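What follows is each chain in one-letter form.
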Amino acid sequence: MICRRTFRGLEAEIRPTGRGRFGTAAFLFVWLVFWLAGEAFASAILVAGGWALITGEPLSPGQPVPELSAAIAVGGFLLVWLTFWTFGGIVAIREFEWLVAGRVGLVATADGLLVEKGRRPFMRSRFHARSDLLALHGVPIGGALAAITKTGVIELARFDSHERRSEVAAELCAELSLPFERPPTTVLPEGWCEVAIAEGGTALVQDPDVRTRLARIAGCLCLVASAGAASLWFETREHPGLVVPATIVSLVAGGMAWGTARLSWTRAEWRIREGRAALHRRVRRNARKVFECSELRMLERSDSDGDTHYELIGVAPDHAADGSVGKRGTTRRIVSVLHDPITPRMLGRWLAAKTGMPFFDLDSEQGDALGRRI
């Protein structure tokens, strides 16, 4: 790691260190070989099957032409599987690249922060204006340094030790005049937004654009599954043995249709008013109140795998003082994040600033005691 002042500004260069990374890189290399073989095999089957359906020719000499229903069912499964398989391979390739020849350059100037990842000619760069930067944040798990911006949290670089991260963070914060690990109270984390509602006032909701994209993906998968189910039911007239797979595919299509409708027509919204936040379930134009809270608490819990979850919960009125918190109906989870407390903390501080509700943060002595007791 090199940290120096150049004509561009204060530069910090982060590279992976330690011999242990080569063992991980070797494992990823072997995995990527099998990943490439699986990618080629599935792609070849999809292309050959599609060509056979278009031309009416068998996949290989001496074999029958595949039936439409079976081809759609197998092709739909392979298409979904190949999508997730490709995504996993891309993640592994990026990790392999980082372990073998990774590089992150951070250049702090009076105008903002320039982040450069990779090496030329494949280097990717992104500039964050100083007016958009709010704070720097150290992620507890993974040794990463993140920037809190007006649009969300962005990972800048990963470090092999907290000491090196602290050194770079201190110099960057001094150069950019930013606080460290102190997100502001008036900014929402990424994935959340404040919207106006028809009944008047505003509500806190998860980003509608994200739900719209998920609904479109679920809708496309629903169409593929529905087409496969229809083809299978059509073939059951001549092949009664296809009733069971046709039923299974129909149930899958029904579940995808339900998920598409839920993402498109329903949402949870936290309505904001003085001293209160009320959770409503909206179905199209109708909304029903299901919970109301007058206090916010941040919790920390560990699951069976040892992973740490940070949660923001709302506490119902008249239950915080009498010690009944934890009973059914007295609390409601607002958000839960694995490893990183920044999202629930920013969300809790924003809600507290908007409503005036007390917020017991794990950063405070009282909040830490409450969060670990519940």
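Residues numbered from 1 in each chain as written. Predicted model: local features only at pLDDT ≥ 70, side-chain atom pairs only at ≥ 80, totals over all residues. Heavy atoms only, no water.

(A) Representation of the packing of aromatic side chains within the structure. With the rule as written, the count across this model stands at four aromatic pairs. A centroid spacing of 6.2 Å and a plane angle of 35° characterise the contact between phenylalanine 29 and phenylalanine 96, whose relative ring orientation is tilted. Separated by 67 residues along the polypeptide, phenylalanine 29 in helix α1 (residues 20–55) and phenylalanine 96 in helix α2 (residues 68–101) bring together distant segments of the chain. One cation-aromatic arrangement involves arginine 284 over tryptophan 265; the distance from NZ or CZ to the ring centre is 4.3 Å. (Phe/Tyr/Trp six-rings, centres within 6.5 Å; stacked < 30°, edge-to-face > 60°. Helix = DSSP H or I, 4+ residues; strand = E, 2+ residues; numbered from the N terminus. Lys NZ or Arg CZ within 6 Å of the ring centre and 35° of its normal.)

(B) Just the pattern of salt bridges, in detail. Applying the stated criterion across every chain, the model contains 21 salt bridges. Note that glutamate 194 is salt-bridged to lysine 354, the shortest N-O span being 3.5 Å. Of the two residues, glutamate 194 is situated in strand β9 (residues 192–196) and lysine 354 in helix α6 (residues 342–355); the sequence distance between them amounts to 160 residues. Across the salt bridge formed by glutamate 269 and arginine 271, the nearest N and O atoms sit 3.3 Å from each other. Each member of the pair, glutamate 269 as well as arginine 271, is classed as buried. Linked through salt bridges whose partners overlap, the residues forming this network are Arg8, Glu11, Glu13, Arg15, Arg103 and Glu116. (Salt bridge = Lys/Arg side-chain N within 4 Å of Asp/Glu carboxyl O. Buried < 20%, exposed > 50% of the residue type's maximum accessible area, 1.4 Å probe, protein only.)

(C) Summary view of the nonpolar core. Within the largest apolar cluster, 28 residues are counted, with the highest numbers of intra-cluster contacts made by Ile14, Leu106, Leu113, Leu136, Leu156 and Leu172. Here the element with the most residues in this core is helix α3 (residues 162–176); it accounts for five residues. If you look at the next biggest cluster of nonpolar residues, it comprises 24 residues, including Trp192, Met298, Ala352 and Leu362. (Core = buried A, V, L, I, M, F, W, Y, C linked by side-chain atoms within 4.5 Å.)

(D) View of the sheet that holds β9. Read from one edge to the other, the open sheet built from five strands follows the order β9-β10-β11-β12-β13, with strand pairing classed as antiparallel. Both outer strands of the open sheet, β9 and β13 (286–293), are each paired with one neighbouring strand and no more. Each neighbouring strand pair of the sheet contributes to a mean axis angle of 30°, computed without reference to strand direction. Two strands pair when backbone bridges link them, and strand β11 (residues 266–273) and strand β12 (residues 276–283) are joined in this way by eight bridges, in the antiparallel orientation. Of the residues in β12, the one forming a bridge with tryptophan 270 is leucine 279. Packed on one face of the sheet, helix α5 (residues 243–265) meets β11 and β12 and runs near 25° to β11. (Pairing = 2+ DSSP bridges. Axes fitted to C-alpha atoms, helices over the stretch in contact; angles between N-to-C directions. Contact = heavy atoms within 4.5 Å.)

(E) Local environment of the environment of glutamate 274. Its place among the elements puts glutamate 274 in the loop between β11 and β12. Sequence separation of glutamate 274 and glycine 356 is 82 residues, and the distance between their C-alpha atoms is 6.5 Å.

(F) Inspection of a nonpolar patch on the surface at higher detail. A grouping of Val80, Phe84, Val210, Leu214, Ile217 and Leu221 is seen on the molecular surface, where their side chains present a nonpolar patch of about 510 Å² in accessible area. Within the residue set of the nonpolar patch, elements represented by two or more residues are α2 and α4 (208–235). Broken down by element, the residue count for the nonpolar patch peaks at four residues, all from α4. (Patch = residues over 30% accessible without salt bridge, like charges linked within 9 Å, V, L, I, M, F, W, Y side chains within 5 Å. Areas by Shrake-Rupley, 256 points an atom, 1.4 Å probe, with all protein chains shown as cover.)

(G) Geometry of α4. Compared with an ideal rise of 1.5 Å per residue, which puts 28 residues at 40 Å, α4 spans 40 Å between its outermost C-alpha atoms and is within 8% of the ideal. Where α4 starts, the residue carrying a side-chain oxygen 3.1 Å from the main-chain nitrogen of aspartate 209 turns out to be aspartate 207. (Expected span 1.5 Å × (residues − 1). Polar contact = N/O pair within 3.5 Å; in protein donor to acceptor, adjacent residues only side chain to side chain.)

(H) Seen up close, the sheet that holds strand β6 (residues 133–138). Strand order in the open sheet made by the three strands is β6-β7-β8, with antiparallel pairing throughout. Every interior strand has two partners, whereas the edge strands, β6 and β8 (152–158), have only one. On average, each strand axis in the sheet is tilted by 25° relative to the strand beside it, whichever way the strands run. Judged from the six bridges that link them, strand β7 (residues 144–149) and β8 form a sheet pairing that is antiparallel. Bridging across to β8, isoleucine 148 finds its partner in valine 153. Set on the sheet, α3 makes contact with β6 and β7; between it and β6 the angle comes to about 170°.

(I) Local environment of the packing of α4 against α5. Packing of α4 against α5 brings their axes to within 8 Å, and their N-to-C directions diverge by 160°. By the angle between their directions, the pair α4 and α5 is classed as roughly antiparallel. For the crossing formed where α4 meets α5, the hand is left-handed. Looking at the contact of α4 with α5 residue by residue, the class counts come to 17 nonpolar, seven polar and two charged. (Parallel < 35°, antiparallel > 145°, perpendicular 65-115°, else oblique. Left-handed = near helix turned anticlockwise from the far one by under 90°. Nonpolar A, V, L, I, M, F, W, Y, C, P; charged D, E, K, R; others polar.)

(J) Just the environment of histidine 137, in detail. As for its placement among the helices and strands, histidine 137 is situated in strand β6. Classification of histidine 137 by relative accessible area gives buried; the value is 4%. Put simply, histidine 137 and proline 179 are 42 residues apart on the chain and 8.8 Å apart in space, counted from C-alpha to C-alpha.

(K) Broad picture of α3. Between its terminal C-alpha atoms α3 stretches 20 Å, which fits the 21 Å expected from 15 residues at 1.5 Å a residue. Listed as buried for α3 are Arg165, Val168, Ala169, Leu172, Cys173 and Leu176. Down the axis of α3, the smallest arc covering the buried residues is 130°, so these residues share one side. Exposed residues lying more than 90 degrees from the buried face of α3 are Glu163 and Ala174. Considering only its buried residues, α3 is in contact with β2 (9–14), β3 (104–108), β4 (112–117), β6 and β7. At the exit of α3 stands serine 177, carrying a positive phi of roughly 55°. (Arc of directions from axis to C-beta.)

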